[in-house]
Amino acid sequence: MLRRRRARHLDPANHAGPVPAPATAPAPAYARGDDLQTIIAAIDEMTRLGRSGQSERARALGEDVLARARRTLGPDHDLTLKAATNLATALAELGDHQRALELHEDTLPRLRRTKGDDHPHTLMEAGGLVDALSVTGDHWRACELGADTLERRRRVHGPDHPDALTSAHNLSVDLSRVGDHARARDLAEDTLERSRRVFGADHPRTLDAAATLATALHGLGDHEGARARHEDTLERRRRVLGADHPDTLTSANNLGITLNELGAHGRAKAVFEEAHSRARQRFGDDHPRTLVAASNLALTERKLGDAHRARELDEDALERRRRVLGDDHPLTLRSAESLALDLRLLGDHREADHWESWASSRRPASPA
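Cut-offs used in this document
- Residues numbered from 1 in each chain as written.
- Predicted model: local features only at pLDDT ≥ 70, side-chain atom pairs only at ≥ 80, totals over all residues.
- Heavy atoms only, no water.
- Helix = DSSP H or I, 4+ residues; strand = E, 2+ residues; numbered from the N terminus.
- Buried < 20%, exposed > 50% of the residue type's maximum accessible area, 1.4 Å probe, protein only.
- Contact = heavy atoms within 4.5 Å.
- Areas by Shrake-Rupley, 256 points an atom, 1.4 Å probe, with all protein chains shown as cover.
- Lys, Arg positive; Asp, Glu negative; His and termini not counted.
- Charge placed at Lys NZ, Arg CZ, Asp CG, Glu CD.
- Expected span 1.5 Å × (residues − 1).
- Salt bridge = Lys/Arg side-chain N within 4 Å of Asp/Glu carboxyl O.
- Core = buried A, V, L, I, M, F, W, Y, C linked by side-chain atoms within 4.5 Å.
- pLDDT = per-residue confidence, 0-100.
- Axes fitted to C-alpha atoms, helices over the stretch in contact; angles between N-to-C directions.
- Parallel < 35°, antiparallel > 145°, perpendicular 65-115°, else oblique.
- Left-handed = near helix turned anticlockwise from the far one by under 90°.
- Nonpolar A, V, L, I, M, F, W, Y, C, P; charged D, E, K, R; others polar.
- Polar contact = N/O pair within 3.5 Å; in protein donor to acceptor, adjacent residues only side chain to side chain.

Draft legend 1. Representation of the overall build of the protein chain in the model. Secondary structure summary: the protein chain contains 16 helices and zero strands in total. Principal-axis analysis of the C-alpha atoms gives the protein chain an extent of 75 × 50 × 45 Å. In the protein chain, which comprises 368 residues, the proportion classed as buried is 46%. Within the protein chain, contacts between residues separated by at least 24 positions form 59% of all contacts whose residues are at least 6 apart in sequence. Per element, the accessible surface of the protein chain, about 16,800 Å² overall, is 50% carbon and sulfur. Taking the average place of the 56 positive charges on the side chains of the protein chain and the average place of its 60 negative ones, the gap between the two points comes to 2 Å.

Draft legend 2. Structural context of helix α8 (residues 181-199). The terminal C-alpha atoms of α8, which comprises 19 residues, lie 25 Å apart, in line with the 27 Å expected from a rise of 1.5 Å per residue. Those residues of α8 not exposed but buried are A184, L187, A188, T191, L192, R194 and S195. Contacts made by the buried residues of α8 are with α6 (139-157), α7 (162-177), α9 (204-219) and α10 (223-240). One or two positions beyond α8, positive phi appears at G200, with a value near 105 degrees.

Draft legend 3. Summary view of the pattern of salt bridges. Going through the model one piece at a time under the given rule, you end up with 53 salt bridges. In this structure, R185 and D186 form a salt bridge, with 3.1 Å as the shortest nitrogen-oxygen distance. A salt bridge links R238 to E274; the shortest N-O distance between them is 3.2 Å. Of this pair, R238 sits in helix α10 while E274 sits in helix α12 (residues 265-283); the two residues are 36 residues apart in sequence, bridging distant segments of the chain. Residue R238 is classed as partly exposed on the basis of its relative accessible area of 36%.

Draft legend 4. Quick look at the nonpolar core. One finds I43, V65, L66, L87 and L103 to be the most contacted residues of the largest nonpolar core, which totals 21 residues. Tallying contributions element by element places helix α3 (residues 78-93) first for this core, with eight residues. Membership of the second largest hydrophobic core comes to 12 residues, among which are L234, L255, V271 and A298.

Draft legend 5. Region of the structure containing the confidence of the model for the protein chain. For the protein chain, per-residue confidence averages 91 on the pLDDT scale, and 90% of positions sit at 70 or higher. A low-confidence stretch, residues 13-27 (pLDDT under 50), is modelled with 17 contacts involving residues beyond four sequence positions or located in other chains.

Draft legend 6. Geometry of the packing of α6 against α7. Where α6 meets α7, the axes come as close as 9 Å, and the angle between the chain directions of the two elements is 155 degrees. With respect to each other, α6 and α7 are oriented roughly antiparallel. Our pair here, α6 against α7, has a crossing hand that is left-handed. Together, H139, A142, C143, G146, A147, T149, L150, R153, R154 and H157 of α6 and D163, A164, S167, A168, L171, D174, L175 and R177 of α7 make up the contact between the two elements. Grouping the amino acids of the contact of α6 with α7 by side-chain chemistry returns eight nonpolar, five polar and five charged.

Draft legend 7. Structural detail: the environment of E235. Topologically, E235 is positioned in helix α10. By relative accessible area, E235 is classed as partly exposed at 38%. Once the C-alpha coordinates of E235 and S251 are considered, the two residues, 16 residues apart in sequence, prove to be 9.1 Å apart.

Draft legend 8. Expanded view of the environment of Q54. Note that Q54 resides in the loop between α1 (36-51) and α2 (55-73). Once the C-alpha coordinates of Q54 and L94 are considered, the two residues, 40 residues apart in sequence, prove to be 9.8 Å apart. Excluding anything up to four places from it in sequence, Q54 contacts R48 and L49. Here the side chain of Q54 touches S52 through a polar contact of 3.0 Å, side chain to side chain.

As structure tokens, this is what we get:
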């Protein structure tokens, strides 16, 4: 599992700060009217809500203020485009990636036309579109636009600027996803070296770069190199973020996968058992992170010859994924196929055939 760095909320420009509502007003200033100062106040509040994690409220306000800004100021006005960027960020935080993608695709050409290709707002919007393309599965377009955005940010801000390092990190993630592990490795190595110099060896952004490099090494078949990177990153994340932090659990799962590739199934089992236990305590039995750890543990038990324990884990994960994700979700289908492998090892071929057919019938047909 690779972690991308996300787009930020933009502050409205060309004003001194938030426009306060009068003390006697029945509603906040941003809730009334279409004048310029009211729209500025609304975008200020939208930014505050987004940065404080109140994404649903930011989205609701964003839908309203964007409509007002388009109606009053026009679709290409600076404040209209800032409202669009912030709304897309809120939508992405809420998981509505398709709408975020559509909004970014509308906003970016407007910014290129009004501000130019190299303007910081244009480059931030390009980064948002790269994120949206990646999360909706269009990794090739994400690589193409991501490479262009990285080149521009390096030229405008310098290669060590945090925004340039964000673009470099995200591009290396997308390169790994399209199978270009050599380019991903080279870029991740450069990003890691720069991040250590700019942020320090234990900074979360540096550890993200190290994890991405480990994934690229794994993709290239350098499992020993990947193991060393994953172990170092896991130790640092445990110390800096805590043993139950989501990024720490991701490192643990990635290390376990690499240990399995190296044939160190006993060590992999210990890593997955701890990750599964911590994920259950932190997120609950039905959380996707918990179920990923459970599935990895089941695979490892099967490699160690304990098909009974693997079956127990896979049956539980399948039941939970069907309930939480639905029958047609790729992870649900993967759990069914893993359970079929367990059943076949246990000699229950009839039940194994059932789950293989069940999964196969729900997979989308391959294009002709």
